[in-house]
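Residues per chain, in single letters:
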Amino acid sequence: QVQLVESGGGLVQPGGSLTLSCLASGMVFSYYAMGWYRQAPGKQREFVAAITSGYITNYEDSVKGRFTISRDNSKNTVYLQMNSLKPEDTAVYYCNTVHDLVTAAQGIWGRGTQVTVSS
């Protein structure tokens, strides 16, 4: 079965940076588009970024120019480099496989990793 384990979250000041990691198993990783999603308190989970097996990327408008998604197929890992963080980026961040560069494909989500941006 597919397992996805997120890590790298934490507390950071506005304007700071964090890098998140997602380790995948139970799949042929290099064949799948992968993405990051986030859920803030009182809000629905939303799309953040995705990267295809051909390294095409897609970003939600509010993170364009600040976040960078990448992947290392040799490590079965997807990364999210987050710069210039804002308080509104505070959320639990999740990874998943992706359809159509936006939609999460796995019905079961991991535990996620908490990102808190606060001074």
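Use the structure listed above.
Residues numbered from 1 in each chain as written. Predicted model: local features only at pLDDT ≥ 70, side-chain atom pairs only at ≥ 80, totals over all residues. Heavy atoms only, no water.

Chemist: What is the right way to look at the overall build of the chain in this model?
Modeler: The helix and strand tally for the chain stands at zero helices and 11 strands. When the helices and strands of the chain are listed from N to C terminus, the series reads β-β-β-β-β-β-β-β-β-β-β. If one aligns the C-alpha atoms of the chain with their principal axes, the spans along those axes are about 40 × 25 × 25 Å. Buried positions account for 41% of the 119 residues belonging to the chain. About 6200 Å² of surface is accessible on the chain, with carbon and sulfur atoms providing 49% of the total. Taking the 9 positively charged and 8 negatively charged side chains of the chain as two groups, their mean positions are separated by 3 Å. (Helix = DSSP H or I, 4+ residues; strand = E, 2+ residues; numbered from the N terminus. Buried < 20%, exposed > 50% of the residue type's maximum accessible area, 1.4 Å probe, protein only. Areas by Shrake-Rupley, 256 points an atom, 1.4 Å probe, with all protein chains shown as cover. Lys, Arg positive; Asp, Glu negative; His and termini not counted. Charge placed at Lys NZ, Arg CZ, Asp CG, Glu CD.)

Chemist: Would you mind showing me how to read the nonpolar core here?
Modeler: As a rule of thumb, soluble globular proteins bury nonpolar side chains together. Counting residues in hydrophobic clusters, the biggest one holds 27 residues, and the most contacted among them are Trp36, Val48, Phe67, Ile69, Leu80, Met82 and Tyr93. Counting residues per element, this core draws most heavily on strand E3 (residues 18–25), at four residues. Not counting residues within four places of it along the chain, the set of residues in contact with Val48 comprises Trp36, Tyr37, Arg38, Asn58, Tyr59, Glu60, Val63, Phe67, Leu80 and Tyr93. Residues Ala33, Tyr37, Phe47 and Val98 belong to the second largest nonpolar core, which totals five residues. (Core = buried A, V, L, I, M, F, W, Y, C linked by side-chain atoms within 4.5 Å. Contact = heavy atoms within 4.5 Å.)

Chemist: Could you clarify how one ought to interpret the packing of aromatic side chains in this entry?
Modeler: Between two aromatic rings, the relevant description is the distance of the centres plus the angle of the planes. Throughout the structure, instances matching the rule amount to three aromatic pairs. Seen from their ring centres, Tyr37 and Phe47 are 5.9 Å apart, and the 70 degrees between their planes marks the pair as edge-to-face. Of the two residues, Tyr37 sits in strand E4 (residues 34–39) while Phe47 sits in strand E5 (residues 46–51), which places them 10 residues apart along the sequence. The two residues Tyr37 and Phe47 agree in class, both being buried. Seen in terms of ring centroids, Tyr37 and Trp109 are 5.4 Å apart; in terms of plane orientation they differ by 85 degrees. Their pairing is edge-to-face. Residue Tyr37 is found in strand E4, and its partner Trp109 is found in the loop between strand E10 (103–104) and strand E11 (113–117); the two are separated by 72 residues along the sequence. Looking at Tyr37, the relative accessible area reads 4%, which means it is buried. Each residue in the set Tyr37, Phe47, Tyr94 and Trp109 is aromatic and connected to the rest through ring pairs, giving one cluster. Sitting above the plane of the Tyr94 ring, Arg45 keeps its charged end 4.6 Å from the centroid. Residue placement shows Arg45 over the ring face of Trp109; its charged tip is 4.0 Å from the ring centre. (Phe/Tyr/Trp six-rings, centres within 6.5 Å; stacked < 30°, edge-to-face > 60°. Lys NZ or Arg CZ within 6 Å of the ring centre and 35° of its normal.)

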